[in-house]
Amino acid sequence: MRKWLALAFAALLLFAAGCQAVQGVDLNGVLKQSFKTTAAEGSLTYEFELDLSKELLNELAGEEEAAAILPLLTHVKLQIDEYKVKDPWNISMRGTLWLGDIGIGFSAQMADTLMVVELDGASAPIVIDLSAADEELSDVALSDEQLRQTQEMMLKFLESSGDYLVDNMPNVSDLSVALSTPVTVGGEELSLTRVSVRFDGAELFEWLKKYLEALIADEEGARTLVQSLATMLSEQSALFADSELPVDELAIVEEEEDIAAAAEELIGALKEAAAGLAYLEAAEPEMIQAIFNDSLQVRADLYVDGKLHIRKQDVEVEFRPDAEELKSAFGENPIEGLNGIRLAYSAELWNINGDVELVKPQVPEDGGITPENMAEWSTADALRFFDTESGLYELLANRFKIGEQELRLYPEFDDPAPIKAPNGWTLVPLRDTAEYFEAEVKFDPKTKNLILRDDATGNEVVLTVGSNKVAVNGKTVEWGYPVTVMADGVTYVPARNLMEMLGGSVAWINEDGSQVLVMKRDVAELIVP
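Before going into details, it helps to say that this report is about the structure given with it. All of these numbers come straight from a predicted model, not from anything done at the bench.

**Some remarks on a negative patch on the surface**
A surface patch of like charges, here negative, comprises Glu59, Glu63, Glu64, Glu65, Glu404 and Glu525. By the secondary structure assignment, Glu65 is in helix 4 (residues 64-73).

**Description of the environment of Ile310**
By secondary structure assignment, the location of Ile310 is in strand 10 (residues 310-319). Between the C-alpha atom of Ile310 and that of Thr193, which follows or precedes it by 117 residues, the distance is 9.7 Å.

**Remarks on the sheet that holds strand 14 (residues 426-429)**
Spatially, the four strands line up as an open sheet ordered 13-14-21-20, and their pairing is antiparallel. Sheet topology places strand 13 (419-420) and strand 20 (484-485) at the edges, where each strand pairs with a single neighbour. Bridge count for strand 14 against strand 21 (residues 491-494) is three bridges, and the pairing is antiparallel. Bridge pairing links Leu427 to Pro494 in strand 21.

**Examining the packing of aromatic side chains**
Scanning the entire structure with this criterion turns up seven aromatic pairs. Centroid distance Phe205 to Phe292: 5.0 Å. Interplanar angle 45 degrees. Geometry classified as tilted. With a gap of 87 residues between them, Phe205 in helix 7 (residues 201-217) and Phe292 in the loop between helix 10 (285-291) and strand 9 (296-304) connect regions that are remote in the sequence. On the accessibility criterion, Phe205 (3% relative accessible area) is buried. Taking relative accessible area as the criterion, Phe292 reaches 23% and is therefore assigned partly exposed.

**Side note on the pairing of strand 8 (residues 188-200)**
The sheet contact formed by strand 7 (residues 174-185) and strand 8 spans 10 bridges and is antiparallel. Note on strand 8: the bridge partner recorded for Leu175 is Val197. With antiparallel pairing between neighbouring strands as the criterion, strand 7 and strand 8 make up a hairpin whose turn holds two residues, including Gly186 at a positive phi of roughly 60 degrees. As paired strands, strand 8 and strand 9 are joined by eight bridges and run antiparallel to one another.

**Concerning the pattern of salt bridges**
If you walk through the whole model with that rule in mind, you get 26 salt bridges. For Asp301, the salt bridge is made with Arg198, and the minimal N-O distance between the two is 3.3 Å. Taken together, the positions of Asp301 in strand 9 and Arg198 in strand 8 put the pair 103 residues apart, joining distant regions of the chain. Where salt bridges share partners, they join Glu47, Glu49, Asp51, Arg299, Glu316, Glu318, Arg320 and Arg342 into one cluster.

About the criteria used
Residues numbered from 1 in each chain as written. Predicted model: local features only at pLDDT ≥ 70, side-chain atom pairs only at ≥ 80, totals over all residues. Heavy atoms only, no water. Patch = residues over 30% accessible without salt bridge, like charges linked within 9 Å, V, L, I, M, F, W, Y side chains within 5 Å. Areas by Shrake-Rupley, 256 points an atom, 1.4 Å probe, with all protein chains shown as cover. Salt bridge = Lys/Arg side-chain N within 4 Å of Asp/Glu carboxyl O. Lys, Arg positive; Asp, Glu negative; His and termini not counted. Charge placed at Lys NZ, Arg CZ, Asp CG, Glu CD. Helix = DSSP H or I, 4+ residues; strand = E, 2+ residues; numbered from the N terminus. Pairing = 2+ DSSP bridges. Phe/Tyr/Trp six-rings, centres within 6.5 Å; stacked < 30°, edge-to-face > 60°. Buried < 20%, exposed > 50% of the residue type's maximum accessible area, 1.4 Å probe, protein only.

As structure tokens, then:
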């Protein structure tokens, strides 16, 4: 995934710059060389910023959930301080994921079928056995050789189709190349060629029109593209013939007349797209002006070495719409409250296709924590797993508030429903209520008692049917009403006593004219080690 995201940003720069050779730099060759990178070390950062108006922020501040979560989403940053890729099955990385002001440090090592992930503040590493997944997907998973051949096919397709898709790209006006630019990559001082491009939304629209015109005019290139695609898919179909992949669906055109017809269809679709742009430009000039203007800015710098390897990238895309122009064009602002969006990507790459040394993943003696263990966790287990000072605990307990549990029972609709005893106490179904709050209820056949255990508080209650005397952690206390089994076999207990044992509260409220019993607690305030 890292590699493909990086290539996407590289492609953005190349799309903006056009891919003819510029001052001796073969940008088409740079893109092709990126696909050939199979091993490397590096660092990278992805950043997303959302700028909202004060009016919208004030409006959302009144909604408790939005007020807690929104700051986490308006600034997201993934910072990989170091990654190492020896091959697709041997990888390591360490970094920090920032959600607003909360940082979550992590590291991960993968060696063949074993992955170990460590999270800052976690009490143990997470150990993932990938061999089980390999067995389940054995019929569709690709072998090393299939992956290598697939990559070669993709490279062949890229090379043969580059004349059409890449070389037809027009240049933008603000494109510059600086030779022998001093730059630091991975702590090493290098002299690289810097390719810089800057453009705005207006130039993007003009660029798109010119690109469509060039593609439409190059009918021979379109036929070559279709032929290259047909050849690649045919080869892939043969490569995966023994697997359970839907390889039959990979086959497209094969005959010469089919290729010509497919190329004609492609040109036709491009003409329709060009006509659509022309229509919008003529019929809705205000709308085009409101969208494609200097409110969109793209800035990109690509640093390339003598072997055409991309060693460093800095890309920034910023969109700050003009509210008045949008209102004028659409009658209203369709993105009211949005001041702007910023996307940024930076990366450094070294030891390309070299001998990458990895540290073998270390599994603790007790085996660590597995996804299978985590699937059985209660909310209390999840919160206990993290140090209370860690970013993940802050995120889970205080921002996402996963410990908040609330059960609402409606006497008119729920079955079994809460009922009121003759002495005024409210009774609730024991098992349904306890299990909602992740407590465990068991029947002891020897003593005929019911045993209730709550993991969050550590409390244990022993109840006897027909008695209001219960043992809470070994101490006998009296509850407000005897434990009662109704005619339908459902066991009822006093709601207030039960919730006190669970560390929560209970209250009747009026909701749209109906009485509702509300029971709630916050596990984060109750958990014991």
